[in-house]
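# Analysis of the macromolecular model
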Amino acid sequence: ISREIEHTFLGLDALTERWADRGVDNSKVTTTGLPINPMAFEPVDRIEFLRSQNLNPEIKTIVLASGGEGVGDFPTIVKSISEKIKEPIQMVVYCSKNKQHVVDLTALKPSLPKNMDLRIVEGFVENDVMMNMIKSSDVYITKSGGLSPTEGFAINKPIVLLDVYGGHERKN
């Protein structure tokens, strides 16, 4: 924490006191809460969006994403879901920059039951595509820290939180 800042924005009121204790003038601190993408609150035509992504709007859609690092054991999660759910399901898995997930999921895909349509997304996607996919999904599986779950909670999306996190997210 630097006393030389011009201004800072904090996610929690409790942090304001911590900054004041470290000598930062209260006039330089604004508590705003976590910054949620405003697009989260814009309506999306689920059917049209899923079709635009070559997905079937008639069946359940699960989104699995856990930030830029793609933390978590994606292959085990996908395999577990495929063993438990017997109805038709499509799962969109965002691997981000985790190339090992892409390799492992590609190897796993041929052994999955016929009722599961697995879509493996490598690299990053535009924020609006990711947000619309989350809004259009039936369930969102994500890491337990940061903005990912916050945005999911804000739009009342059913969420499964993974018990994985890294770096600064340990305290989130």
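Here, every reference points to the structure presented above.
Read on for an overview of the structure. (Residues numbered from 1 in each chain as written. Predicted model: local features only at pLDDT ≥ 70, side-chain atom pairs only at ≥ 80, totals over all residues. Heavy atoms only, no water.)

### Here's the deal with the overall build of the protein
A tally of regular secondary structure across the protein gives six helices and seven strands. Reading the protein from its N end, one meets helices and strands in the order β-α-β-α-β-α-β-α-β-α-β-α-β. Projecting the C-alpha coordinates of the protein onto the three principal axes gives extents of approximately 60 × 35 × 25 Å. Looking at the protein residue by residue over its 172 residues, the buried ones come to 38%. Of the contacts formed within the protein by residues at least 6 apart in sequence, a portion of 58% connects residues at least 24 apart. Between the averaged position of the 20 positive side-chain charges in the protein and that of its 23 negative side-chain charges there is a distance of 6 Å. (Helix = DSSP H or I, 4+ residues; strand = E, 2+ residues; numbered from the N terminus. Buried < 20%, exposed > 50% of the residue type's maximum accessible area, 1.4 Å probe, protein only. Contact = heavy atoms within 4.5 Å. Lys, Arg positive; Asp, Glu negative; His and termini not counted. Charge placed at Lys NZ, Arg CZ, Asp CG, Glu CD.)

### Details of the pattern of salt bridges
With the rule as written, the count across this model stands at four salt bridges. We note a salt bridge from Glu 83 to Lys 79, for which the minimum N-O separation is 3.7 Å. In this pair, Glu 83 and Lys 79 both sit in helix 3 (residues 74-84), four residues apart, roughly one turn of the helix. The partly exposed category is assigned to Lys 79, whose relative accessible area is 43%. For Asp 117, the salt bridge identified is with Arg 119, shortest N-O distance 2.8 Å. (Salt bridge = Lys/Arg side-chain N within 4 Å of Asp/Glu carboxyl O.)

### Observations regarding the environment of Cys 95
Checked against the element boundaries, Cys 95 lands in strand 4 (residues 89-96). Sequence separation between Cys 95 and Leu 147 is 52 residues; the distance between their C-alpha atoms is 17 Å. Ignoring sequence-local partners within four residues, the contact set of Cys 95 consists of Gly 70, Phe 74, His 101, Val 102, Leu 105, Ile 120 and Val 121.

### So, the sheet that holds strand 7 (residues 159-162)
Here five strands make up an open sheet; going across it, the order is 5-4-3-6-7 and the pairing parallel. Looking along the sheet, the strands with just one partner apiece sit at the ends: strand 5 (116-122) and strand 7. Strand-to-strand twist across the sheet, computed as the mean angle between neighbouring axes with direction ignored, equals 15°. Here helix 4 (residues 99-108) sits on the sheet and contacts strand 4 and strand 5; the angle it forms with strand 5, its principal contact strand, is near 155°. (Pairing = 2+ DSSP bridges. Axes fitted to C-alpha atoms, helices over the stretch in contact; angles between N-to-C directions.)

### Points about the side chain of Asn 115
Here Asn 115 is to be found in the loop between helix 4 and strand 5. Here the side chain of Asn 115 touches Ile 85 through a polar contact of 2.9 Å, landing on its backbone oxygen. (Polar contact = N/O pair within 3.5 Å; in protein donor to acceptor, adjacent residues only side chain to side chain.)

### Considerations on the nonpolar core
One finds Leu 64, Val 78, Met 91 and Val 93 to be the most contacted residues of the largest nonpolar core, which totals 18 residues. Where this core is concerned, the elements lending two or more residues are strand 3 (60-65), helix 3, strand 4, helix 4 and strand 5. Excluding residues that lie within four positions of it along the chain, Met 91 makes contacts with Ile 62, Leu 64, Ile 77, Val 78, Ile 81, Met 116, Asp 117, Leu 118, Arg 119 and Ile 141. In this structure, Met 39, Val 63, Val 121 and Ile 155 belong to the second largest nonpolar core, which totals 15 residues. (Core = buried A, V, L, I, M, F, W, Y, C linked by side-chain atoms within 4.5 Å.)

### Considerations on the environment of Val 102
With respect to the helices and strands, Val 102 occurs in helix 4. Ignoring any residue separated from it by four or fewer positions in sequence, one finds Val 102 in contact with Cys 95, Ile 120 and Glu 122.

### Here we look at helix 4
The periodicity of an α-helix, 3.6 residues per turn, causes residues three or four places apart in sequence to face the same way. Where helix 4 is concerned, the buried positions are His 101, Val 102, Leu 105 and Leu 108. Down the axis of helix 4, the buried set is contained in an arc of 135°. They therefore lie on one face. Set apart from the buried face of helix 4 by more than 90 degrees, the exposed residues are Lys 99, Val 103 and Ala 107. Tucked into the core, helix 4 has its buried residues touching helix 3, strand 4 and strand 5. Where helix 4 begins, the capping side chain belongs to Asn 98, and its oxygen is found 3.2 Å from the backbone nitrogen of Gln 100. (Arc of directions from axis to C-beta.)

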